[in-house]
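Chain by chain, the residues run as shown.
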Amino acid sequence: MTTQTTTDRPIVLDLQDIHKNFGSLEVLKGVSLTAHDGDVISILGSSGSGKSTFLRCINLLEKPSQGRIFVGDDELLLTPKKGELVAKNPKQLEKLRSKIGFVFQNFNLWPHKTILQNIIEAPTQVLKIPKAEVIAQAERLLAKVGLSDKKDAYPDNLSGGQRQRVAIARALAMNPQVILFDEPTSALDPELVNEVLAVIKELADEGRTMLIVTHDMRFAKEVSNTVVFLHQGRIEEMGSPSEVFDNPKSERVREFMASHR
Ligand code: ADP
Ligand code: MG
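These notes cover the structure that comes with them. (Residues numbered from 1 in each chain as written. Chains lettered and ligands numbered in written order. Predicted model: local features only at pLDDT ≥ 70, side-chain atom pairs only at ≥ 80, totals over all residues. Heavy atoms only, no water.)

**A look at helix H2 (residues 90-97)**
Restricting attention to buried positions, one finds in H2 the residues Gln-92, Leu-93 and Leu-96. Axial view of H2: buried residues confined to an arc of 100 degrees, hence all on one face. Seen from the buried face of H2, the exposed residues on the opposite side, beyond 90 degrees, are Pro-90 and Lys-91. Sitting at the amino-terminal end of H2 is Asn-89, which places a side-chain oxygen 3.0 Å from the backbone nitrogen of Lys-91. (Buried < 20%, exposed > 50% of the residue type's maximum accessible area, 1.4 Å probe, protein only. Helix = DSSP H or I, 4+ residues; strand = E, 2+ residues; numbered from the N terminus. Arc of directions from axis to C-beta. Polar contact = N/O pair within 3.5 Å; in protein donor to acceptor, adjacent residues only side chain to side chain.)

Given below as structure tokens:
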């Protein structure tokens, strides 16, 4: 694996100078990050450093105040409105969003839909793929995450680890070019963490492009080729896992690593 500065792999996601204000609070102060095909980028930082806000700005779940967003060769067309940037073209936003999977801390499954219905919803409604095809793919994905027997169950009947594996299958069903994970194991009981991490590790081994916000240092070190450390809305340090974990330049990063072992 190589770090992102030394690769010819195509760019999947390019975030340029992303700023975000909540009122007078400047939460992101110009964050730039490029993900090439196959990159697994872990995003670390203290609570409140802007990790979730940054991920959410990528697909406009939060509207950035400034910055440019490229998904593959396409720039997301943005226009200013009341101090924020909004999508110029809702159709384009929908198209680009469909290429970006998002896995949340709290799963965000639809409680009144079965597991299978949760997975097939977006591919049938957004991508308009024929239902039979989507169901066949959903069944393959459920097998992949080890939940073939749960397709007719409801989210409430599943453990947190199982729900998160469904959420990952749901993201994969859109065949995304990149998957964003926001602390995918933070809401889980400790004994359920590994089953979710194992699935994410498998995706990394398959060459999936992923951005992963996590507090799990051991996992970040194992799975990622690039580590980003955010501090107060800026990138404090970025590099390979061995650079950032074993030999951080920033005293702040060193302290963070020491307190998270
Ligand atoms: P992290 O994910 O690194 O813990 P967040 O991105 O959630 O950090 O939050 C960064 C900062 O932005 C925090 O100070 C948080 O309180 C603030 N913030 C996040 N979302 C909102 C919001 N919707 N309105 C106002 N402030 C917010
Ligand atoms: Mg967060």
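**A few points about the packing of aromatic side chains**
Using the criterion set out here, one finds 2 aromatic pairs in the structure. Measuring from ring centre to ring centre gives 4.3 Å for Phe-102 and Phe-104, while their planes differ by 15 degrees; the resulting arrangement is stacked. Classification of Phe-104 as buried rests on a relative accessible area of 18%. Across from the ring centre of Trp-110, 5.9 Å away, lies the NZ or CZ of Lys-113, which sits over that ring. Positioned over the ring face of Trp-110 is Arg-170, at 5.4 Å from the centre of the ring. (Phe/Tyr/Trp six-rings, centres within 6.5 Å; stacked < 30°, edge-to-face > 60°. Lys NZ or Arg CZ within 6 Å of the ring centre and 35° of its normal.)

**Observations concerning the site of ligand 1**
Residues in contact with ligand 1, as listed here, are Phe-22, Val-27, Ser-46, Ser-47, Gly-48, Ser-49, Gly-50, Lys-51, Ser-52 and Thr-53. In this structure, Ser-49 approaches ligand 1 through a main-chain N or O atom, which is 3.2 Å from an oxygen atom. The separation between an oxygen atom of ligand 1 and a polar side-chain atom of Ser-52 is 2.9 Å. For ligand 1, whose accessible area on its own is 560 Å², the fraction buried by protein is 58%. Take the shell around ligand 1: its biggest share by element is 3 residues, from helix H1 (residues 51-58). Its residues placed into classes, the shell around ligand 1 shows 2 nonpolar, 7 polar and 1 charged. (Near = heavy atom within 4 Å. Areas by Shrake-Rupley, 256 points an atom, 1.4 Å probe, with all protein chains shown as cover. Nonpolar A, V, L, I, M, F, W, Y, C, P; charged D, E, K, R; others polar.)

**Some remarks on the nonpolar core**
If you look at the biggest cluster of nonpolar residues, it comprises 38 residues, and the most contacted ones within it are Ile-119, Ile-168, Ile-179, Phe-181, Ile-200, Met-210 and Ile-212. Elements represented by at least two residues in this core include exactly helix H3 (115-125), helix H4 (131-144), helix H5 (160-172), strand S9 (178-182), helix H6 (190-205), strand S10 (210-213) and helix H7 (217-223). Non-local contacts of Phe-181, meaning those with residues more than four positions away in its chain, are made with Leu-55, Val-103, Ile-168, Ile-200, Leu-203, Met-210, Leu-211, Ile-212 and Val-213. Counting 32 residues, the second largest nonpolar core, distinct from the first, contains Leu-15, Leu-55, Phe-102 and Phe-104. (Core = buried A, V, L, I, M, F, W, Y, C linked by side-chain atoms within 4.5 Å. Contact = heavy atoms within 4.5 Å.)

**Notes on the pairing of strand S12 (residues 234-239)**
Bridge analysis of strand S11 (residues 226-231) against S12 gives 5 bridges, and the strand direction is antiparallel. Bridge pairing links Leu-230 to Ile-235 in S12. Between the end of S11 and the start of S12, which pair antiparallel, lie 2 residues, with Gln-232 showing a positive phi angle near 45 degrees. (Pairing = 2+ DSSP bridges.)

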